Structure formats: C-alpha cells, structure tokens
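Residue-level structure breakdown
Take a look at the letters that make up each chain.
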Amino acid sequence: MTATDPAMTALAGGWCALSLLHGRIEAHVERALQHDHELSVREFSLLDVLSRQHDGEGGHLQMKQVADAVVLSQSATTRLVTRLEERGLLSRYLCPTDRRGIYTDVTPAGAELLAAARPTNNAALREALDQAALDPRLAPLVSAVEHLAEPVRA
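All values derive from a computational prediction rather than experimental measurement.

Right, let's talk about the overall build of the protein chain for a bit. A count of helices and strands for the protein chain gives 6 helices and 2 strands. Counting from the amino terminus, helix and strand elements in the protein chain follow one another as α-α-α-α-β-β-α-α. Viewed in the frame of its principal axes, the protein chain has a C-alpha envelope of about 55 × 40 × 35 Å. For the protein chain, the residues scored as buried account for 33% of the 154 residues in total. The contacts in the protein chain between residues at least 6 apart in sequence include a share of 51% that link residues at least 24 apart.

What follows concerns the packing of helix α1 (residues 6–37) against helix α5 (residues 108–133). Orientation of α1 relative to α5, taken along the N-to-C sense of each, is 145 degrees, at an axis distance of 9 Å. With respect to the hand of their crossing, α1 and α5 are arranged in right-handed fashion. Touching Leu21, Ile25, His28, Val29, Ala32, Leu33, Asp36 and His37 of α1 are Leu113, Ala116, Ala117, Thr120, Asn121, Ala124, Leu125, Glu127, Ala128, Leu129, Gln131 and Ala132, all from α5. Across the contact of α1 with α5, the residue classes break down as 13 nonpolar, 5 polar and 2 charged.

All right, on to helix α2 (residues 41–51) then. Most of α2 is tucked away, with 8 of its 11 residues classed as buried. Turning to α2, its buried residues are Val41, Glu43, Phe44, Leu46, Leu47, Asp48, Val49 and Leu50.

Below, the discussion takes up the pattern of salt bridges. This structure, assessed with the given rule, holds 9 salt bridges. Note that Asp135 and Arg24 form a salt bridge whose closest N and O atoms lie 3.6 Å from each other. On the criterion of sequence distance, the pair formed by Asp135 in the loop between α5 and α6 (139–148) and Arg24 in helix α1 is long-range, its members being 111 residues apart. Residue classification places Asp135 among the buried positions, given a relative accessible area of 12%. On the basis of relative accessibility, which here comes to 37%, the residue Arg24 falls in the partly exposed class. Asp135 is the salt-bridge partner of Arg137, the closest N and O atoms lying 2.6 Å from each other. Take Arg137: its relative accessible area is 51%, and that puts it in the exposed class. One continuous salt-bridge network, built from bridges that share partners, spans Arg24, Asp135 and Arg137.

Across all of its chains, the model carries 1 aromatic pair by this definition. Look at Tyr93 and Tyr103: their rings are 5.9 Å apart centre to centre, the planes differ by 70 degrees, and that puts the pair in the edge-to-face class. Remark: Tyr103 occurs in strand β2 (residues 102–106) and Tyr93 occurs in strand β1 (residues 90–94); sequence separation between them is 10 residues. Residue classification places Tyr93 among the partly exposed positions, given a relative accessible area of 30%.

The subject of this paragraph is the nonpolar core. The tendency in soluble globular proteins is for nonpolar side chains to be buried side by side. Of all hydrophobic cores here, the largest spans 30 residues; its most connected members are Leu33, Leu39, Leu46, Leu47 and Leu90. The set of elements that each furnish at least two residues to this core consists of α1, α2, α3 (63–70), α4 (74–86) and α5. The leading source of residues in this core is α5, at 7 residues. Beyond its immediate sequence surroundings of up to four residues, Leu39 is in contact with Glu30, Leu33, Gln34, Phe44, Leu47, Arg87, Leu113 and Ala117.

About the criteria used
Residues numbered from 1 in each chain as written. Predicted model: local features only at pLDDT ≥ 70, side-chain atom pairs only at ≥ 80, totals over all residues. Heavy atoms only, no water. Helix = DSSP H or I, 4+ residues; strand = E, 2+ residues; numbered from the N terminus. Buried < 20%, exposed > 50% of the residue type's maximum accessible area, 1.4 Å probe, protein only. Contact = heavy atoms within 4.5 Å. Axes fitted to C-alpha atoms, helices over the stretch in contact; angles between N-to-C directions. Left-handed = near helix turned anticlockwise from the far one by under 90°. Nonpolar A, V, L, I, M, F, W, Y, C, P; charged D, E, K, R; others polar. Salt bridge = Lys/Arg side-chain N within 4 Å of Asp/Glu carboxyl O. Phe/Tyr/Trp six-rings, centres within 6.5 Å; stacked < 30°, edge-to-face > 60°. Core = buried A, V, L, I, M, F, W, Y, C linked by side-chain atoms within 4.5 Å.

Everything listed here is a matter of coordinates, which is why it stays silent on function.
Shown next, in the form of structure tokens:
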C-alpha cells in the first residue's frame, strides 16, 4: 500500500469528513452552551454522565470510567471535576466500602443547571446536524449518526 493508494486516500478523506463533522458540531454546541448557560461541552458532558449514576450495584463511576465516558485523560477529568466542584455543581465523597475510592455526584445546583442546559444542547446538536446535512461530504455521516440514535429493535 502506498500513500497514493486509492483505498488509503478514500479512508483519509472519510476520516477528514468525520473530523470536520465532529468539529462543527462541537463548536456549534459549545457556543450555545456557553452563551445560554456558561457551560462548555466538556462540562455539560461530565454533568450528564455523572447525573446518570445510581445507588445500585455498580451505579457509581470511578474516575477512570468517568474519564473514558467524557473522552478525557484522568488528569484532565480530575481538573474538570475540581472546577465544577468549586462552582458548586459537583461534590466528592469517599466510597463507603473502599476508602481509597472517591465518587463524584451532581449537586442540586448542578442538576438544575443540567436540566436547563439539556434542551439547549439538544437544539444546538439538531441545528448542527441539519446544517452539516446540507454538505454532500457530511450528509452520509449525519445519516449514520441519526441512525445510531434510533431505538434498537429486538
């Protein structure tokens, strides 16, 4: 295989299109969340992930699991948690069964902000996808993203 191989060129073009779609969506959603709620996309994602925790077996996430879910390194996730904790949106506590573990929960203020920001996030996402669908290079990717959102039928 060479750098001018048509299959590799097509693969690189597909990757560029995917990267472009991601960048456009993230930028559009970021502007909306910052403008309306003073939240970044990463902050929203972190609040969203942590809001889905529950008290049942395996219901609380360790920091590595949180980092994986928000697609950040553990150190970047810890810094993000600290910033949101300083804003009163998150709280940390020791795991009751393993004193080495630290869990993070969304505070009532964080839950309120998340609830207010969720419609903004959803609307901005829809707008970004609709705009991207007008670009012939991105339309198939938009279709794939929309297909992924469909409920799985058994």
